Amino acid sequence: MARTYDYLFKLLLIGDSGVGKTCVLFRFSDDSFNNSFISTIGIDFKIRTIDLDGKKIKLQIWDTAGQERFRTITTAYYRGAMGIMLVYDITNEKSFENIKNWIRNIEEHASQDVERMIIGNKCDMEDRRVVSRDRGQQLSIEYGTKFMETSAKLNHNIEEAFYTLARDIKGKMERGQGQTVGVGGTTGRYQQDSTIAAQGNNLCKNRHTFHCDFIAF
Amino acid sequence: MDGRNLDRTASLADGVSSDRSDETRPFKRGHMRRSSYESAQIQLDFSRRSDARARRAASLHASLNKPGLSESSSAQQMSLSDRMDASSCEGSSTGTTDSGIGGDSNSSKRSSLDRRFEASSLQEWESCEHQQQPSCSKKPPATPKKSLSLRFAKGIFSRKDGRWRVFGDRKTDSPGLVHTTGLILEERPSNLPQKSEEEAAKHRLLYEQLLEQAKKKEVKVEKERRKALEDKKKAEEAAGVAAKIWIEEILPHWGTLSDSKKCRDLWWKGIPGKVRGKVWSLAIGNSLNISEELHNICCQRANKEARYNREASMAQIHLDVSRTFPALGIFQNGGPYHDLLHKLLGAYACYRPDVGYVQSMSFIASILLLQMEPFPAFVAFANLLNQPLQQSFFRLKQPAMTEYFIAFDLFFQQELPALHARFDEIDLRPDIYLIEWIYTMFAKSLSLDVTCRVWDVFFRDGEEFIFKTALGKNSRDTIKSNRYSALG
């Protein structure tokens, strides 16, 4: 199958439950909005190919469950990500405070040079705002990331956010190791540090070779 | 009167008054006819065909002639068409019993989308008509008023310079029969040289063959429809019989009969909705010995502790309850099951603070609540979550979860090697899809009916069936869509 894109970027959306990660993603991938999205269980993904400075870039965007409890599952998918969007809800103080926890998570589990971006979602709900734009801005400066306020509902800044992140990744990539990135980059397999997983993979492999031998005879 | 109904319910395609076009524009030869019919009878029926459809077409025509009115502008047009209704019903009272349009009452049930589609195809024909007009002169044998007002829908076939045209239309006398094919045998337009006898005979023969085929097709469709109806009836009867067996024979002797072949066979075919809750309850059992008293205590505690400690389970529950099956609208704030679901999840979080609330529990609890009363639902929920597979996942025992993933992977490789190889190639690991499927027990990815059906067998066969379903879903999903190829 001929490849229809120049680069493949894997992006990840993280943030507290209910901040609108799935809505942001749906707005970007399907250009639709639904007030009653159902909660994401574990992990999900969407694809969209964009045109950036003459290059076709396929964005494979992973959406994660927000609940604290699922972090052990979702962090397994951090490794393959080239860009991470940290989403909070401007009407929810706690989700904003938790951004620093999510950043810590990234530092622990994602690759060192991952592009990060902080997103303050639901900026259409000005009347219920509790986190000012300035605070969001301040936090992003603190962590050296880009910052945007978005509204999935009104389709405000959604495209811009993804394009900006993609452009940053592309820039970094082209400055860095040339064009070797693109394919590969493992999606989270089983927990990296799980010995059973390692055994399991070996098991699979052994089984595979066994099969081959069998056929060869 | 059919026409009346139709126009009352008619929406977008029905435009402004039809009077003008009805009366002032005589039918001309070559005028595009808007008609729907079943057979060659059409030519005989020509003059009898009418009216509601006619009016619709004519009104559309009128609206086309007034560029200011788009067909989708709503309120004003609706009132206009209502008014028109009254007047044109009087005018059309002569021929409305014609079977040729017998489907109108039927068509009134059609969605506005269909109408819009018809309207647009109508528009195409209209423009066609205008082009053709100059070359047409001979009048057909129909009365001007009625013939003009015939409506045709999507043309599936047309041979402008030939002798016949085939129009497809949706339609008519038997309810449920959606499409039929109408055929007209027409003379060659007078401005063209007449056909030779031979040619005419040949075309007539072709025409008859076409008719024959169309008739056969209709008979076939009708037969299928009847069969579907019969099957449905049979299924309903079977479900009735099954329900009776469940209620009268199996449930009273659950202890001895639940493992019998008869029961298991019946079980495999699905549990009738009537007894589903009961059977599930019995199948899950209550090894935790949860009493009604305990349930009440948990409910009360949940009530008090609006904010429950473990990562604010209560807040999360509050958020998720409204996000459970939003399409059903019964778990949302103000819906009849909102409080029940909230209570059940809260009570469980109090009952098992070590587990608390984990997202996706809302799906499982909601399905149980749909089948049984609050207390049995709580018992079933707690006991279901106490099973090994659920324990591993809801308590996030990573190694155990991994074992399940690996077991499934091997199972997958063994059963569907080619698909497994392809999944490997694009680095699609089972955890990506299994997590959601296992946590929600398919409640999120399958329809409610199918989910219940899967759960039926899950309660019979245990966790193994979850993985079998996953396998079935993999092969089906992959065949149906190439969603996962996006990963490559």
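Residues numbered from 1 in each chain as written. Chains lettered and ligands numbered in written order. Predicted model: local features only at pLDDT ≥ 70, side-chain atom pairs only at ≥ 80, totals over all residues. Heavy atoms only, no water.

Per an unreviewed UniProt entry, chain B is named Rab-GAP TBC domain-containing protein, and its organism is Mesorhabditis belari.

For chain A, the name recorded in an unreviewed UniProt entry is Ras-related protein Rab-8A, with Mesorhabditis belari as its organism. Quoted verbatim from the Subcellular location (unreviewed entry) heading of the UniProt record, the comment on chain A is "Endomembrane system". (UniProt positions renumbered as here; feature names shortened; annotations may be inferred.)

What chain A contains, in helices and strands, is seven helices and six strands. Put simply, chain A runs from its N terminus to its C terminus through helices and strands in the order β-α-β-β-α-β-α-α-β-α-β-α-α. Per-residue burial for chain A yields a buried fraction of 52% across its 217 residues. Within chain A, contacts between residues separated by at least 24 positions form 74% of all contacts whose residues are at least 6 apart in sequence. A total accessible area of about 10200 Å² is found for chain A, and carbon and sulfur atoms account for 49% of it. (Helix = DSSP H or I, 4+ residues; strand = E, 2+ residues; numbered from the N terminus. Buried < 20%, exposed > 50% of the residue type's maximum accessible area, 1.4 Å probe, protein only. Contact = heavy atoms within 4.5 Å. Areas by Shrake-Rupley, 256 points an atom, 1.4 Å probe, with all protein chains shown as cover.)

Glancing now at the pairing of strand β5 (residues 115–121) of chain A. Residues and elements named next belong to chain A. Summarising burial for β5: six of the seven residues are buried, a large majority. Sheet topology places strand β4 (residues 83–89) next to β5; seven bridges connect them, and they run parallel. In the sheet register, Val87 faces β5, and the bridge partner there is Ile119. Between the parallel pair β5 and strand β6 (residues 146–149), the chain is carried across by helix α5 (residues 133–143), and the sense of this crossover is right-handed. (Pairing = 2+ DSSP bridges. Right-handed = clockwise from strand over helix to strand, strands pointing away.)

This next bit is on the sheet that holds β6 of chain A. All names here are of chain A. Spatial strand order, β2-β3-β1-β4-β5-β6: six strands in an open sheet with mixed pairing. With one partner strand each, in any of the chains shown, β2 (43–52) and β6 form the two edges of the open sheet. Sheet twist, expressed as the mean angle between neighbouring strand axes with direction ignored, is 25°. Judged from the ten bridges that link them, β2 and strand β3 (residues 55–64) form a sheet pairing that is antiparallel. Within β3, the residue paired with Asp44 across the bridge is Asp63. The strands that helix α4 (residues 99–109) touches are β1 (7–15), β4 and β5; relative to β4, the one it contacts most, it runs at about 165°. (Axes fitted to C-alpha atoms, helices over the stretch in contact; angles between N-to-C directions.)

Using the residue numbers shown here, the UniProt feature "coiled-coil region" (unreviewed entry) corresponds to residues 207–239 of chain B. Span residues 207–239 of chain B is 100% helix and 0% strand, its end C-alpha atoms 47 Å apart.

Before going further, it helps to spend a moment on the pairing of β1 of chain A. All names here are of chain A. Here β1 lies mainly inside the structure; nine of its nine residues are buried. Here β1 shows two buried faces, one formed by Tyr7, Phe9, Leu11, Leu13 and Gly15 and the other by Leu8, Lys10, Leu12 and Ile14. For β1 and β4, the ladder comprises five bridges, and the chain directions are parallel. Its bridge partner lying in β4, Leu11 is registered against Gly83.

Here we come to the packing of helix α19 (residues 398–415) of chain B against helix α20 (residues 417–425) of chain B. All names here are of chain B. Where α19 meets α20, the axes come as close as 5 Å, and the angle between the chain directions of the two elements is 125°. Comparing the axis directions of α19 and α20 gives the class oblique. Here Asp409, Phe412, Gln413, Gln414 and Glu415 of α19 come into contact with α20, specifically with Pro417, Leu419, His420 and Phe423. Partitioned by chemical class, the residues of the contact of α19 with α20 number four nonpolar, three polar and two charged. (Parallel < 35°, antiparallel > 145°, perpendicular 65-115°, else oblique. Nonpolar A, V, L, I, M, F, W, Y, C, P; charged D, E, K, R; others polar.)

Now for the environment of Ile99 of chain A. Residue and element names in this part refer to chain A. Among the secondary structure elements, Ile99 is positioned in helix α4. Taking the C-alpha atoms as reference points, Ile99 and Ile14, 85 residues apart in sequence, are found 9.2 Å from one another. Among residues more than four places away in sequence, those in contact with Ile99 are Leu86, Val87, Tyr88, Ile118 and Leu139.

A word on the side chain of Arg460 of chain B. Residues and elements named next belong to chain B. In this structure, Arg460 sits in helix α22 (residues 448–461). At 2.8 Å, the side chain of Arg460 forms a polar contact with the backbone oxygen of Arg264. A polar atom in the side chain of Arg460 sits 2.8 Å from the side chain of Asp461. Excluding anything up to four places from it in sequence, Arg460 contacts Arg264, Asp265, Trp267 and Trp268. (Polar contact = N/O pair within 3.5 Å; in protein donor to acceptor, adjacent residues only side chain to side chain.)

Bringing helix α16 (residues 361–371) of chain B into the picture now. Among the eleven residues in α16 of chain B, nine count as buried, and that is most of the element. Met361, Ser362, Phe363, Ile364, Ala365, Ser366, Ile367, Leu368 and Leu369 of chain B are the residues of α16 of chain B that are buried.

With the rule as written, the count across this model stands at 30 salt bridges over all chains. Of the charged contacts in the structure, one is a salt bridge between Arg116 of chain A and Glu107 of chain A, with a shortest N-O distance of 3.9 Å. Across the pair Arg226 of chain B and Glu222 of chain B runs a salt bridge, and its minimum N-O distance is 3.3 Å. Residue Arg226 of chain B and its partner Glu222 of chain B are both found in helix α9 (residues 197–250); the two are separated by four residues, about one turn of the helix. Each of the salt bridges in this network shares a partner with another, and the network as a whole consists of Asp53, Lys170 and Glu174 of chain A. (Salt bridge = Lys/Arg side-chain N within 4 Å of Asp/Glu carboxyl O.)

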